[in-house]
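Coordinate analysis (summary)
So the chains spell out like this:
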Amino acid sequence: MQVITRFPPSPTGYLHLGGARTALFNWLFARKSDGKLVLRIEDTDRQRSTDEATQVILSAMEWLGLDWDEGPYYQTQRLERYKEVIAQLLEQGDAYLCSCTPERLGKLRMEQKDKGIKPRYDGHCRNAGLSRKPGENYVVRFKNPLSGSVSFTDHVHGTVTVQNSELDDLVLERSDGMPTYNLAVVVDDMDMKISHVIRGDDHINNTFRQINLFRALGHPLPEFAHVPLILGSDRKRMSKRNGDVNVLDYRDRGILPEALINYLVRLGWSRGDQEFFTREEMIQHFDFAQINKSSAGFDMEKLLWMNRHYIGQTSIDRLVPEVKKFLSFRMHDLENCPDLGSAIKLHQERASTLVELANQIEYLFKPVKNYDAQALSKHCDEFTAELLQEICIVFSDLECWTQESISTALKTVVRSKKMKFPHLAQPLRIAISGSVQTPSIDATLAVLGCFETIQRTQSFIKYLDKETISPN
Ligand code: GLU
């Protein structure tokens, strides 16, 4: 049997984290099984579906690197096919016309609620044998079996069963002629030869109904894996407040797609206590057996931690264009600036997001405007200017400008003065960046360049000469 999975988002909004994880699990299972992933846009809710939402979903899939093998199919382009199946179900007596008005159904619901019973259709038109009359409004309902039970063995939840008496006659076609979700999804899963349905476990109740429909249509059942939902950081249903933003917003906050993918795979699936997986490892090891049965809560701190790891180990060639998007300045407006790749390399292990990385390297490209007052009073005194003057002379005499030559020069001066290294390093940091938050001073100066180092240090000396630095 060829494995064919599907990802069928409704384009009524952006792709959220839960949707992205469903897409990922379908993708992983298809790739692991040498199968196919079908992308299907479930756009029959015309009021709420938009082309823009479809585009946002497709861009998010592309950004995450989740490619599909078939589609995108659009349900609105398959309306004729749904009509055909509805006609077949009517014809074979598995569906019927229902003319109950919304008022009647509303009243029924109220009465059932008052009696404390679960609201459900009472089968009023089930045996009425209605046929269409012009000017009348009908929906088409499925004749759900009245007795017996529906049972299936889910790859995550095991065997689940419901009594048919719990299920009512669901609507297959609305009065405006549009198919409902349950009808369209069964027809599509059947026509697209879907072998495995992997989706959120909020759909389990639909699965029982869909199984009855598959059976009425004489089609073998796909296998099912219902994945527990992702909860918000507060372990409540996800909303914008607790983490559920558009997947592309994570891109815009400087999260790398491989970090988000790794985070999502671990959110609900595990392999021992391994945290980091390459794509190949995920594909190789992904299996239903290791999917958690309970919901996982979204944890931004953990995502940032993973992102920091990925930024740290991503190649500079890949990071350069990514970081460029977040720079607050345009590289081509600058003259004699350090090499962007070297600047990134210097800081890549210190940032949790690409935005942070871009902010961190900014000082290398822009003249220092302010010196941190606290750092000044802590690390500078009346001898600092002279010391910096001396190091500038040493620097200008260096034959080559490398981390090693800078390091040797600094150590030589420190030794000759019998002082501790920070006495020189900290004022230098302030001179070139305004604060003491830079990586190791020799590496930083090597990236900044000899000319810029001396120029910034001279400006700082002038500043110190004007200010009275109080000894600490
Ligand atoms: N369009 C449905 C959703 O977004 C798909 C459910 C399914 O996988 O059958 O929830």
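A brief structural summary. (Residues numbered from 1 in each chain as written. Predicted model: local features only at pLDDT ≥ 70, side-chain atom pairs only at ≥ 80, totals over all residues. Heavy atoms only, no water.)

**Points about the sheet that holds strand β4 (residues 95–98)**
Applied cut-off: Being paired, for any two strands, means DSSP has found at least two bridges between them. Numbering of helices and strands starts at the N terminus; helices are DSSP runs of H or I of at least 4 residues and strands are runs of E of at least 2. Fitted lines through C-alpha atoms give the axes, limited to the stretch in contact for helices. The angle between two N-to-C directions lies from 0 to 180 degrees.
Strand order across the open sheet formed by 3 strands is β4-β5-β8, with antiparallel pairing between neighbours. Sheet topology places β4 and β8 (171–173) at the edges, where each strand pairs with a single neighbour. The average angle at which neighbouring strand axes cross in this sheet is 40°, direction not considered. In terms of strand pairing, strand β5 (residues 139–142) meets β8 through 2 bridges, oriented antiparallel. Note on β8: the bridge partner recorded for V140 is E173.

**Comments concerning the packing of helix α12 (residues 340–347) against helix α18 (residues 441–448)**
Keep this limit in mind: When describing relative orientation, an angle under 35 degrees is termed roughly parallel and one over 145 degrees roughly antiparallel, while 65 to 115 degrees is termed roughly perpendicular and anything else oblique. Helix crossings fall into two classes, left-handed where the near helix is turned counterclockwise from the far one by less than a right angle and right-handed where it is turned clockwise. What makes two residues a contact is simply this: any of their non-hydrogen atoms within 4.5 Å. Residues are sorted three ways: Asp, Glu, Lys and Arg are charged, Ala, Val, Leu, Ile, Met, Phe, Trp, Tyr, Cys and Pro are nonpolar, and all the rest, Gly among them, are polar.
Running from N to C, α12 and α18 point in directions that differ by 165°, and their axes come no closer than 9 Å. Here α18 runs roughly antiparallel to α12, going by the angle between their axes. By crossing handedness, the relation of α12 to α18 is classed as left-handed. Listed contacts from α18 to S342, A343 and L346 of α12 are A443, T444 and V447. Tallied by class, the residues present in the contact of α12 with α18 amount to 4 nonpolar, 2 polar and no charged.

**Side note on the packing of helix α15 (residues 384–397) against helix α19 (residues 450–466)**
Put simply, α15 and α19 touch, their axes get as near as 10 Å, and they point 160° apart. When the axes of α15 and α19 are compared, the pair comes out roughly antiparallel. When the axes of α15 and α19 are compared, the crossing they make is left-handed. Across the interface between the two elements, T384, A385, L388, Q389, C392, F395 and S396 of α15 pack against C450, T453, I454, T457, Q458, F460, I461, L464 and D465 of α19.

**Brief notes about the pairing of strand β1 (residues 4–7)**
Short version of the rule: Residue burial is assigned from relative accessible area. The probe radius is 1.4 Å, only protein chains are included, and a residue is buried under 20% of its type maximum, exposed over 50%, and partly exposed in between.
What you see with β1 is no split at all: I4 and R6 on one side and T5 and F7 on the other are buried throughout. The pairing of β1 with strand β2 (residues 36–41) spans 4 bridges and is classified as parallel. Paired with T5 across the bridge in β2 is L37.

**Some thoughts on the environment of M331**
Among the secondary structure elements, M331 is positioned in the loop between α11 (316–324) and α12. Put simply, M331 and I432 are 101 residues apart on the chain and 19 Å apart in space, counted from C-alpha to C-alpha. When residues no more than four places from it in sequence are discounted, the contact partners of M331 are K324, C337, P338, L340 and F365.

**A closer look at helix α10 (residues 300–313)**
Three- or four-residue spacings in an α-helix give side chains the same orientation, since the helix completes a turn every 3.6 residues. Keep this limit in mind: What a helix is expected to span follows from its residue count: subtract one and scale by 1.5 Å. Counted as a polar contact is a pair of N or O atoms within 3.5 Å, where, for protein atoms, one must be capable of donating a hydrogen and the other of accepting one, and residues adjacent in sequence contribute only when both atoms are in side chains.
Across its 14 residues, α10 extends 20 Å between first and last C-alpha, which sits within 8% of the 20 Å expected from 1.5 Å per residue. Buried residues of α10: L303, L304, M306, N307, Y310, I311 and G312, and no others. Looking at the buried side of α10, the elements it contacts are α7 (247–252), α8 (257–266), α11 and α13 (354–361). The opening residue of α10, the one whose side-chain oxygen lies 3.1 Å from the backbone nitrogen of E301, is D299.

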